[in-house]
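Results of the structural survey
Next come the chains, spelled out residue by residue.
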Amino acid sequence: HTYYDYSQWTPGPNDEMKPTSAKTPVTFPAKLHEMLTKSATESKASVRWMPHGRAWRVEDSRKLQETLPQYFMHSKFTSFMRQVNGWG
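A word on the packing of aromatic side chains
Within this structure, the stated rule accounts for 4 aromatic pairs. Centroid distance Phe72 to Phe80: 5.9 Å. Interplanar angle 55°. Geometry classified as tilted. We note that Phe72, like Phe80, is buried. An aromatic cluster of at least three residues, connected via ring pairs, comprises Phe28, Trp56, Phe72 and Phe80.

What follows is the structure, given as structure tokens:
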């Protein structure tokens, strides 16, 4: 197993998650990764990567509820956490 330290990685303009075809849906982990990657450039993000780059945390659950509809079909924090726990 090879470990990559992404703590110093900065997303580029082409690092956006997109489905590979019209029939392939974007999964929850892919949407979450896109949300985290975009929030890495914001100073007051609602979610962010931890400094070591191997985990993330919710900084502001109320602000996250405003952001959720941009990525998911709901805006409830509890629904988001249920999906997170379902994916492990």
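A closer look at the nonpolar core
If you look at the biggest cluster of nonpolar residues, it comprises 11 residues: Phe28, Leu32, Met35, Leu36, Val47, Leu64, Leu68, Tyr71, Phe72, Phe80 and Val84. At the level of elements, helix H1 (28-39) and helix H3 (77-86) are the ones that each hand at least two residues to this core.

As for the pattern of salt bridges
This model, assessed by the stated rule, comprises 3 salt bridges. In this structure, the salt-bridge partner of Arg48 is Glu59, at a minimum N-O distance of 3.8 Å. Of this pair, Arg48 sits in strand E1 (residues 47-49) while Glu59 sits in the loop between strand E2 (56-58) and helix H2 (61-67), placing them 11 residues apart in sequence. The class of Arg48 is partly exposed, set by a relative accessible area of 25%. The partner of Arg57 in a salt bridge is Glu59, with the nearest N and O atoms 3.4 Å apart.

Rules used in this analysis
- Residues numbered from 1 in each chain as written.
- Predicted model: local features only at pLDDT ≥ 70, side-chain atom pairs only at ≥ 80, totals over all residues.
- Heavy atoms only, no water.
- Phe/Tyr/Trp six-rings, centres within 6.5 Å; stacked < 30°, edge-to-face > 60°.
- Buried < 20%, exposed > 50% of the residue type's maximum accessible area, 1.4 Å probe, protein only.
- Core = buried A, V, L, I, M, F, W, Y, C linked by side-chain atoms within 4.5 Å.
- Helix = DSSP H or I, 4+ residues; strand = E, 2+ residues; numbered from the N terminus.
- Salt bridge = Lys/Arg side-chain N within 4 Å of Asp/Glu carboxyl O.

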